[in-house]
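Listed below, chain by chain, are the residues.
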Amino acid sequence: MSLLQVENLKAYYKTEMYGISRKVRAVDDVTMTLEANEIYGVAGESSCGKTTLIKVLSGTIKPPLRVEEGSVKYNFRYGPADMSTVSEDELRDNIRWKEISYVMQGSMSVLNPVRKIMKTFEDIIATHEGIKNKADFKVRIEDHVKKLGLPPDVLKSYPHELSGGMRQRVAIAMATVFKPSLIIADEPTTALDVVVQRGVLQLLKEIQADSKNTVLLVTHDMAVHANVADRVGIMYAGRLVEEGSTEVIFQNPSHPYTQHLISSLPVIGDKTGKSSLEGTPPNLANPPEGCRFHPRCPRAMDICKTQVPAMQNFGAGHRAACHLLSAQGGQQ
Ligand code: SF4
């Protein structure tokens, strides 16, 4: 059974100022499934809707963001949950941290700068589970960080005493302390240098392999997806434009935007210049008609300016939405 089913999700930012209404279609008709025990990568440039998607999936929707249509349904360990009907109490008591946890870019956002790491663990566990026996709690946390390859001494440190990489490892340790069904990792390595980045990604992979939970890895960095993800979904201007196994996405991408992302990656020994895409991502308050990529697409046709390409299936979980692919016999 899948962990998560997202159907035709539309999540918009709606504002009204001085009588002028504005609607930013940040996530527009996204359908996707996350399986248990997989690492799913979401890729795409800034403003493609990645962050809004995370907000909806984690149930952190605040005005002006609103879910306009569609559904987000989980099969958690304690039972099914429809995110359109779960109460704030259920989110707090049963879902956040215990079933869905979050690793964000810049660990200082979750670490309290004036509390030692052990105290922050204490705050999290006291809030979500309660602490009956302090000695047992201490052993549990020490065992947890040791299992993740962290020296137990980090628990006695303040966040500012740790390096950026160590802080991010601590943030991952916090996000996994309840062994959640889903870990959402939002640009978890963006601020780190390459060597530290490798260590943090390796840690995420090991945790997933050990706990058999699901990781939703959101980053614009295609090299990270190539190294870590089992499947990758490519977003452009609020829409999922291609999805497939990591091998298919990197070795046989079908959508022109995915092809551009892959061809931009550096190749050792290749000294030829890389061409950049003309133009900028569209304003999602007034996105282009038809295929939203058409103003930048080197292969755009007349039909692309008026008709939204349907998502077509090409087997083995490979899907893409592009009029060029209609002749290839995909199924809608
Ligand atoms: Fe390019 Fe048209 Fe395909 Fe969009 S539908 S990616 S504009 S060819």
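Here, the structure is the one placed above.
In this text the structure is predicted, and so the values were computed from the model without any measurement.

(A) Region of interest: the overall build of the protein chain. Each helix and strand counted, the protein chain has nine helices and 12 strands in total. At 21 Å, the protein chain has a C-alpha radius of gyration in line with the 20 Å of a compact globule built from 332 residues. Seen through its C-alpha atoms, the protein chain measures out along the principal axes to roughly 70 × 55 × 45 Å. A buried classification covers 48% of the 332 residues belonging to the protein chain. Taking as baseline every contact in the protein chain between residues at least 6 positions apart, the subset at least 24 positions apart corresponds to 62%.

(B) Here's a closer look at the site of the ligand. C291, C297, C304, C322 and H323 are the nearest of the 13 residues found near the ligand. Of the residues contributing to the shell around the ligand, the split by class is nine nonpolar, three polar and one charged.

(C) Quick look at the environment of G70. Relative to the helices and strands, G70 resides in strand β4 (residues 65–76). Accessibility expressed as a relative area gives 46% for G70, which makes it partly exposed. Along the primary structure G70 and V30 are separated by 40 residues, whereas in three dimensions their C-alpha atoms are 8.6 Å apart.

(D) Spatial organisation of the side chain of Q208. With respect to the helices and strands, Q208 occurs in helix α6 (residues 194–211). Here N213 takes part through its backbone oxygen, which lies 2.8 Å from a polar atom of the side chain of Q208.

(E) Broad picture of the pattern of salt bridges. Throughout the structure, instances matching the rule amount to 21 salt bridges. A salt bridge links R66 to E68; the nearest nitrogen and oxygen atoms lie 3.8 Å apart. Among the residues examined, R66 registers a relative accessible area of 45% and is labelled partly exposed. Note that R96 is salt-bridged to E88, the shortest N-O span being 3.0 Å. Three or more residues joined by partner-sharing salt bridges are found here, namely E38, R231, E243 and R319.

(F) Molecular detail of the packing of helix α3 (residues 117–128) against helix α5 (residues 164–175). Contact geometry for α3 and α5: axes closest at 11 Å, N-to-C directions at 25°. Put simply, α3 runs roughly parallel to α5. In this structure, α3 crosses over α5, and the sense of that crossing is right-handed. The residues of α5 that touch α3, namely those facing I117, T120, F121 and I124, are V170, A173 and M174. When its residues are assigned to classes, the contact of α3 with α5 shows six nonpolar, one polar and no charged.

(G) Looking closely at the pairing of strand β1 (residues 4–17). In terms of strand pairing, β1 meets β4 through eight bridges, oriented antiparallel. Counterpart to Y12 in the pairing with β4 is R66. In the sheet, β1 pairs with strand β2 (residues 20–34) via 11 bridges, with the strands oriented antiparallel. Residue pairing in the sheet places K14 in a bridge with K23 of β2. Joining the antiparallel neighbours β1 and β2 is a turn of two residues, in which Y18 adopts a positive phi near 50°.

(H) Examining the packing of α5 against α6 more closely. It is at 10 Å that the axes of α5 and α6 come closest, and there the two elements cross at 15°. The orientation of α5 relative to α6 falls into the category roughly parallel. Classified by chirality, the crossing of α6 by α5 is right-handed. Here G165, Q168, R169 and I172 of α5 lie close against α6, whose contacting residues are V196, G199, V200, L203, L204 and I207.

Rules behind the numbers
Residues numbered from 1 in each chain as written. Predicted model: local features only at pLDDT ≥ 70, side-chain atom pairs only at ≥ 80, totals over all residues. Heavy atoms only, no water. Helix = DSSP H or I, 4+ residues; strand = E, 2+ residues; numbered from the N terminus. Rg over C-alpha atoms; globule rule 2.2 N^0.38 Å. Buried < 20%, exposed > 50% of the residue type's maximum accessible area, 1.4 Å probe, protein only. Contact = heavy atoms within 4.5 Å. Near = heavy atom within 4 Å. Nonpolar A, V, L, I, M, F, W, Y, C, P; charged D, E, K, R; others polar. Polar contact = N/O pair within 3.5 Å; in protein donor to acceptor, adjacent residues only side chain to side chain. Salt bridge = Lys/Arg side-chain N within 4 Å of Asp/Glu carboxyl O. Axes fitted to C-alpha atoms, helices over the stretch in contact; angles between N-to-C directions. Parallel < 35°, antiparallel > 145°, perpendicular 65-115°, else oblique. Left-handed = near helix turned anticlockwise from the far one by under 90°. Pairing = 2+ DSSP bridges.

These figures come from the coordinates and say nothing about function on their own.
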